[in-house]
Amino acid sequence: MTSSTSSDGTLNKILQSLQKFQVDHSQFASSIETMKEWVELLASQGNLPNGPQEASLASENAEMAPITAKLGADTPRKASGTSRIILTTYPGQSGISPIVMDWGNPDPLKRGPVVVSRHPDTVKRRNAIGAHGGSYSIYYALAVASKNLDVDHRPDFTNTEPPVNLGPFPQWSDPKKIVSMDPWGHRAPWDFHDMIKKGGVDIRPTIAVTRAHMKLPELKQSVESGRLKVDGKICLNESGELAVTKVAVEPVWYLPGVAERFGIDEGTLRRSLFENTGGSYPELITRGDIKLFLPPIGGLTVYCFGDPAKMSDPNVKLALRVHDECNGSDVFGSDICTCRPYLIFGIEEAVKEAQRGGSGVVIYFRKEGRALGEVTKYLVYNARKYCRLWASEYFKRTENIAGVKDMRFQALMPDILHWLGITKIDRMLSMSNMKHDAIVEQGIPIHERVPIPDELIPEDGRVEIDAKIHAGYFTTGKIMTMEELNKVQGRAWEDVDVSVLSFSMISTG
Ligand SMILES: [Zn+2]
């Protein structure tokens with residue numbers, strides 16, 4: 001007992017020393033950075049011969065290494081205007097003065113713009129970590145590196161404003177209701193025009209709104225069969241062409257709010273985001289004062305049928321489908337699942353609701369293969385086919401490979417509903433219990449849940465839907481017992497070139 005207490009005490013002392021060391025190191029690094037900038041300032045004013053001081057300062061302080069690094073002599077200087085790479089920044093460092101970000105403030109000008117650019121004009125004023133464009137931020141980096149894009153290029157936003165008015169809604173100023181997108185993101189270039197033009201701050205929108213037509217072969221059949229009526233406004237003609245308002249949204253995470261949704265602390269979230277992205281965003285660790293993160297992930301698109309103002313009107317009915325991307329089915333017609341048929345059904349029902357004077361909305365999330373991606377998805381497909389999958393084992397294969405059944409974690413999904421001003425859903429065109437629970441938990445009631453009609457389920461997709469129903473998906477039909485589920489079987493490889501099976505023999509030994 002005594003020895004355990006004394007070893008606890010010793011461990012505490014070590015921990016305290018480490019914490020003190022960490023604080024000292026941070027202050028030291030910050031001081032070095034400040035001194036370096038003074039030296040640079042003097043050099044730029046001609047008071048010091050440039051070069052030797054900078055070099056000696058850097059070389060005498062090994063501690064500089066974690067903060068900055070020098071580019072090779074042949075590296076073009078143009079990209080950042082200086083040869084120095086800023087690896088990370090610290091609060092209180094010379095010149096660091098983030099533009100105020102008061103998340104949830106109802107006045108967009110007081111709330112402040114999302115500023116994430118690392119352009120030399122803006123880098124010290126940033127109030128967000130990450131980059132614009134979600135996963136496409138990497139292509140931006142590639143375009144700059146390959147000199148296809150001048151890093152000084154600033155977008156010309158003339159005539160790009162939303163063609164329809166959306167909001168503002170009271171939900172926009174509730175810091176707990178919207179935590180994964182910027183509610184003012186579609187207005188940024190106009191709300192902060194002066195800051196961009198006069199202040200030279202690089203501010204970009206994270207939401208864009210447009211209007212378009214949509215043409216799907218199934219909807220032509222819907223018109224032909226009389227399920228869908230041509231009204232000339234929403235359903236435009238006999239080919240089933242639809243008029244639609246579309247909203248593209250890139251993710252903007254307010255880290256304290258995201259952490260709270262997942263029931264974890266902000267530090268744990270920041271550390272995991274840093275460590276499990278290959279250490280990509282050091283400021284997640286060093287800049288606790290910056291609360292926003294633009295993650296390199298896909299966003300979402302809203303497809304609204306009928307008058308967009310009706311989405312938030314509590315006096316008319318709303319039909320809604322929340323759809324997570326399944327490229328193989330949605331675009332390329334795979335029959336292994338019910339994704340495209342359910343998506344088409346969702347669009348058709350949304351259109352009908354809008355034609356009845358209500359509102360119809362389909363929201364499309366880029367969360368391919370339950371947010372596990374297509375590589376994992378195809379591995380799961382193979383594992384199911386090699387073993388001739390039974391519906392009762394459906395989720396086990398995913399778990400064996402990915403470690404989880406599903407990584408979509410619907411906790412952040414309802415943000416878009418709050419943003420659209422939706423306060424209730426009359427007809428939810430989804431069977432997912434996870435989506436249902438996440439929406440209801442956010443205080444948005446769902447009055448009716450509409451499953452996919454049986455006749456729209458492809459034969460091979462039966463396994464998927466039965467397994468999902470058994471796991472808790474909503475149905476108005478029968479919930480199968482384990483015994484019955486054991487009789488539902490997916491297609492094996494017999495319809496596939498058997499030569500691939502030899503690979504299986506080798507790989508499984
Ligand atoms: Zn699918």
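Residues numbered from 1 in each chain as written. Predicted model: local features only at pLDDT ≥ 70, side-chain atom pairs only at ≥ 80, totals over all residues.

Per an unreviewed UniProt entry, the chain carries the name GTP cyclohydrolase II and comes from Helicocarpus griseus UAMH5409.

Asks: Residue-level account of the overall build of the chain, with values.
Replies: For the chain, the count of helices and strands is 20 helices and 12 strands. A buried classification covers 34% of the 509 residues belonging to the chain. Sequence-distant contacts in the chain: of pairs separated by 6 or more residues, those separated by 24 or more amount to 68%. (Helix = DSSP H or I, 4+ residues; strand = E, 2+ residues; numbered from the N terminus. Buried ≥ 20, exposed ≤ 12 C-beta atoms within 10 Å, placed from the backbone. Contact = placed C-beta atoms within 7 Å.)

Asks: How would you sum up the environment of arginine 408? Please name residues and give values.
Replies: For arginine 408, the location among the structural elements is in the loop between helix H15 (394–402) and helix H16 (415–419). Separated by 40 residues in sequence, arginine 408 and glutamate 368 have C-alpha atoms that sit 8.9 Å apart. Residues contacting arginine 408, with those up to four places away along its chain left out, are Asp324, Lys367, Arg370 and Ala371.

Asks: Break down the pairing of strand E10 (residues 359–365) for me, with residues and values.
Replies: The buried fraction of E10 is high, at 7 of 7 residues. Relative to E10, strand E8 (residues 300–305) runs antiparallel, the two sharing 6 bridges. Across the sheet, the residue bridging to valine 302 is isoleucine 363, located in E10. In the sheet, strand E9 (residues 318–324) pairs with E10 via 7 bridges, with the strands oriented parallel. From the neighbouring strand, alanine 319 faces E10, where its bridge partner is glycine 360. (Pairing = 2+ DSSP bridges.)

Asks: Describe in detail the sheet that holds strand E4 (residues 207–214), supporting the description with residues and values.
Replies: The strand order across the open sheet built from 7 strands is E4-E5-E8-E10-E9-E11-E12, with neighbouring strands paired in mixed fashion. At either end of the open sheet lies a strand with only one pairing partner, and these are E4 and strand E12 (446–449). Put simply, the sheet's adjacent strands are angled 25° from each other on average, direction ignored. Against the sheet, helix H17 (residues 433–441) touches E9, strand E11 (425–428) and E12, its axis set at about 165° to E12. (Axes fitted to C-alpha atoms, helices over the stretch in contact; angles between N-to-C directions.)

Asks: Describe the sheet that holds strand E6 (residues 253–254), and please don't skip the residues or the numbers.
Replies: Sheet architecture is open: 3 strands sit in the order E3-E7-E6, paired in mixed fashion. The open sheet is flanked by strand E3 (128–130) and E6, the only strands paired with a single partner. For E3 and strand E7 (residues 292–294), the ladder comprises 3 bridges, and the chain directions are parallel. Across the sheet, isoleucine 129 pairs through a bridge with phenylalanine 293, a residue of E7.

Asks: Please set out the packing of helix H14 (residues 374–386) against H15 residue by residue, giving values where relevant.
Replies: For the pair H14 and H15, the least separation of the axes is 9 Å and the interaxial angle reads 130°. Considered as vectors, H14 and H15 are oriented oblique to each other. Helix-helix and strand crossings are classified by hand; for H14 and H15 the assignment is right-handed. Every residue of H15 that contacts H14 at Thr376, Leu379, Val380, Ala383 and Arg384 is listed here: Arg397, Thr398, Asn400, Ile401 and Ala402. Broken down by class, the residue content of the contact of H14 with H15 amounts to 5 nonpolar, 3 polar and 2 charged. (Parallel < 35°, antiparallel > 145°, perpendicular 65-115°, else oblique. Left-handed = near helix turned anticlockwise from the far one by under 90°. Nonpolar A, V, L, I, M, F, W, Y, C, P; charged D, E, K, R; others polar.)

Asks: Now, about helix H12 (residues 339–355): what can you tell me, with residues and values included?
Replies: The terminal C-alpha atoms of H12 lie 24 Å apart, and with 17 residues this matches the ideal 24 Å at 1.5 Å per residue to within 8%. The buried fraction of H12 amounts to 15 of the 17 residues, a majority that puts the element mostly inside the structure. A positive backbone phi angle near 100° is found at glycine 357, which sits one or two residues after H12. (Expected span 1.5 Å × (residues − 1).)

Asks: Summarise the nonpolar core; cite the residues concerned and give the values.
Replies: One finds Ala128, Leu292, Phe293, Val351, Val361, Ile363 and Ile416 to be the most contacted residues of the largest nonpolar core, which totals 82 residues. Setting aside chain neighbours within four positions, we find alanine 128 in contact with Val114, Val115, Val116, Ile290, Leu292, Phe293 and Leu294. (Core = buried A, V, L, I, M, F, W, Y, C linked by C-beta atoms within 7 Å.)

Asks: Outline the environment of serine 222, supporting the account with residue identities and numerical values.
Replies: Relative to the elements of secondary structure, serine 222 occurs in helix H7 (residues 217–224). Sequence-wise, serine 222 and glutamate 348 are 126 residues apart; in three dimensions their C-alpha atoms are separated by 8.0 Å. Those residues in contact with serine 222 that lie beyond four places of it in its chain are Arg227, Leu228, Gly240 and Glu348.

Asks: Kindly report on the pairing of E8, identifying the contributing residues and their values.
Replies: Here E8 lies mainly inside the structure; 5 of its 6 residues are buried. Here strand E5 (residues 242–249) pairs with E8 via 5 bridges, running antiparallel. Residue lysine 246 lies in a different strand from E8, and its bridge partner there is tyrosine 303.

Asks: Can you tell me about unusual backbone geometry, naming the residues and giving the values?
Replies: Between glycine 167 and the following residue, proline 168, the backbone shows a cis peptide bond with an omega angle of 0°. Of note, the phi angle at asparagine 159 is positive, near 60°, even though the residue is not glycine. You can see asparagine 159 is positioned in the loop between helix H4 (137–145) and helix H5 (188–191). Judged by local crowding, asparagine 159 falls into the exposed class, with 5 C-beta atoms found within 10 Å.

Asks: Describe the confidence of the model for the chain, and please don't skip the residues or the numbers.
Replies: Counting all residues, the mean pLDDT for the chain is 86, and 81% of those residues have values of 70 or more. Counting interchain partners and residues more than four positions distant, the pLDDT-below-50 stretch residues 48–67 has 24 contacts. Confidence over residues 498–509 falls short of pLDDT 50; this stretch has 2 contacts with residues more than four positions distant or in other chains. (pLDDT = per-residue confidence, 0-100.)

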